[in-house]
Amino acid sequence: MRVLVKLGGSVRAGLGGEVMRVFAGLLAAMLGNSPAVAQTILPDGVQTAEAKMGTQAGLEAWVEAFRTRALEAGIPAASFDAAMRGVEFNPKVVERDRSQNEFTKTVWDYLDTAVSEDRVALGIKALQKHQALLERIEAEYGVEKEIVAAVWGLESAYGTYRGDLPVLGSLATLAYDGRRGAFFEAELIAALRIVDGGHVENFTGSWAGASGHTQFMPSSWEKLAVDFDGDGKRNLWGDDPSDALASTANYLRHWGWKTGMPWGLEVRLPEGFDYVQTTERVVKPVADWVALGVRPATGGELPDHGPGSILLPGGARGAAFLIFPNFQVIEKYNTADAYIIGIGHLADRIKGGPPIAGTWPRELRALTLEERRELQALLAIAGFDPGGVDGRMGPKTIAAVKAFQKARGIIPDGYPSLEILMLLR
């Protein structure tokens, strides 16, 4: 594992677990904690993100050991042996797991693709073609047809590309890799139940094991997939998208979707706005945001959909959004802010809404995974707890960036830019 450590004003690279232990000790000394406490800042799990790549022989040994656990979970031996025979290790799956687009691209680069004019146009056509079906689903589950269509559009380009990787192979590879081993092993067992039950013949999907028109994970299929067309099957994989689209609506309803509430809307912030408040952790009634000068980007008055938060996915120089609880519901599908905004904005565009009005700081680039980890480590050294060194820019890391910016007299928008990393160095 490559670890960056700031020593004597320069950044030096080290290799291996020994450096991790040394770095943990360094943090302990700087933060006045024991090595054990420092290790919570630099967890052992970090090393798996750049761990030595596995092998086919290693996977086969893992499958042999996993067989006992799968049988204990109720998978018949004959079904297991038939399904897992010939499963291959796929290094590209591991690489994708460590560099997901939603987390490694800037939000504007991601949205350029996710809400392209072509995807919007195809979404309008898909909505027209399946209008009766989507209206029935909306009436049954209370989830707007445009949102369901947007998930369909972003997950499989409206069913035209549902993934071509063997689901069992992808899940076995990721379970064996170990970064999220327990999670993917549980998904693999759920996938084996799908196969054992004869629910799918050509079980292919994405690199992460999601499959079907709206890319359900196997455990989500078990819990929330529905038989909307009444043929006795919960078929998310065939050419008819009925069950998949209804299952998506059922999924969102399960997690608390509120009918008639937007995911969010683009807003303008006034001069002198307190950017410390731009976080999901600060929730205010719309009237309070209005009193602070927040207005819709398109003009007029803010609609009152209950308490919401201000989000700046591109920092103070990018577009601003007032988000509502349905934002967190979409987050159950994918935790990346870029993905959630992509779904919400695509739905708005399919419905006839305008493009995002605000500009983006396109001169900035996204930090690499190594740089994001270094940012978190240096924030911790500087006394701003990022909540761990995992490369994910979650709420704790954003809060730490805000605190550092405020201490330096910089607009505290929480955006983890290269500029902030350079200042920390």
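Rules and cut-offs
Residues numbered from 1 in each chain as written. Predicted model: local features only at pLDDT ≥ 70, side-chain atom pairs only at ≥ 80, totals over all residues. Heavy atoms only, no water. Pairing = 2+ DSSP bridges. Helix = DSSP H or I, 4+ residues; strand = E, 2+ residues; numbered from the N terminus. Buried < 20%, exposed > 50% of the residue type's maximum accessible area, 1.4 Å probe, protein only. Phe/Tyr/Trp six-rings, centres within 6.5 Å; stacked < 30°, edge-to-face > 60°. Lys NZ or Arg CZ within 6 Å of the ring centre and 35° of its normal. Polar contact = N/O pair within 3.5 Å; in protein donor to acceptor, adjacent residues only side chain to side chain. Contact = heavy atoms within 4.5 Å. 1 Å grid on protein atoms, 1.4 Å probe; cavity = no way out; pocket = protein on both sides within 12 Å on 5 of 7 lines; lining within 4 Å. Points joined across faces, edges and corners; volume = space filled by probe spheres on them. Axes fitted to C-alpha atoms, helices over the stretch in contact; angles between N-to-C directions. Parallel < 35°, antiparallel > 145°, perpendicular 65-115°, else oblique. Nonpolar A, V, L, I, M, F, W, Y, C, P; charged D, E, K, R; others polar. pLDDT = per-residue confidence, 0-100. Core = buried A, V, L, I, M, F, W, Y, C linked by side-chain atoms within 4.5 Å. Salt bridge = Lys/Arg side-chain N within 4 Å of Asp/Glu carboxyl O.

Strand order in the open sheet made by the four strands is β6-β5-β8-β7, with antiparallel pairing throughout. Both edges of this open sheet fall to β6 (295-296) and β7 (309-311), since each of them pairs with a single strand only. In this structure, strand β5 (residues 264-268) lies alongside strand β8 (residues 320-323), joined through four bridges in antiparallel fashion. By the bridge assignment, glycine 264 is partnered in β8 with isoleucine 323.

Here we come to the pairing of β8. Burial along β8 is two-sided: Ala320 and Leu322 facing one way and Phe321 and Ile323 facing the other are all buried. Summarising the sheet, β7 and β8 pair through three bridges and their orientation is antiparallel. Looking across to β8, one finds that leucine 311 is bridged to phenylalanine 321.

Unusually for a residue other than glycine, alanine 157 sits at a positive phi of about 50°. Topologically, alanine 157 is positioned in the loop between α10 (145-156) and β3 (165-166). Given the relative accessible area of 29%, alanine 157 is considered partly exposed. The residue tyrosine 158 is not glycine, and still its phi comes out positive at about 60°.

Here the focus is the packing of aromatic side chains. Evaluation of the coordinates by the stated rule reveals 19 aromatic pairs. What links up through ring pairs into an aromatic cluster is the set Phe216, Tyr251, Trp255 and Tyr333. Cation over ring: arginine 234 sits above tryptophan 221, and NZ or CZ is 4.0 Å from the ring centre. When the ring centre of tryptophan 289 is taken as origin, the NZ or CZ atom of lysine 284, which lies over that ring, is 5.8 Å away.

Following the sequence through the fold, serine 247 ends up in helix α14 (residues 242-254). Residue serine 247 is classed as buried on the basis of its relative accessible area, which comes to 0%. Within the structure, the side chain of serine 247 is placed 2.6 Å from the backbone oxygen of aspartate 243, a separation counted as a polar contact. The residues touching serine 247, leaving out its near neighbours within four places in the chain, are Phe216, Leu224, Ala225, Val226 and Leu236.

On to the layout of surface pockets, then. Empty space within the second largest pocket amounts to approximately 940 Å³. Lining the second largest pocket are 40 residues, with Asp337, Met393, Gly394, Ile398 and Pro416 positioned closest to its centre. Elements supplying a minimum of two residues to the lining of the second largest pocket: α6 (101-104), α17 (337-350), α18 (369-381) and α19 (395-407). When residues in the lining of the second largest pocket are grouped by element, the largest group, five residues, is from α19.

Time to look at the packing of helix α3 (residues 56-72) against helix α11 (residues 167-177). At a closest axis distance of 10 Å, the pairing of α3 and α11 adopts a crossing angle of 90°. With respect to each other, α3 and α11 are oriented roughly perpendicular. Residues Gly58, Leu59 and Trp62 of α3 lie in contact with α11, whose contacting residues are Ala172, Thr173, Ala175 and Tyr176. A breakdown of the residues in the contact of α3 with α11 according to their chemical character gives five nonpolar, two polar and no charged.

Let us look at the confidence of the model for the protein chain. On average, residues of the protein chain score 88 in pLDDT, and 86% of them are at 70 or above. Contacts for the low-pLDDT stretch residues 1-51, under 50 throughout, to residues beyond four places or in other chains number 82 contacts.

Among the nonpolar cores identified, the biggest contains 89 residues, and Leu188, Leu192 and Tyr339 are the most heavily contacted of them. Leave out the neighbours within four places in its chain, and leucine 188 touches Trp62, Phe66, Met84, Leu168, Leu171 and Ala172. Leu265, Phe273, Tyr275 and Leu312 belong to the second largest nonpolar core, which has 14 residues in total.

One pass over the structure, following the stated rule, counts 13 salt bridges. The partner of glutamate 138 in a salt bridge is lysine 145, with the nearest N and O atoms 3.7 Å apart. Judged by its relative accessible area of 27%, glutamate 138 is partly exposed. The exposure class of lysine 145 is buried, given its relative accessible area of 17%. Here the salt bridges do not stand alone but share partners, grouping Asp97, Arg179 and Arg180 into one network.

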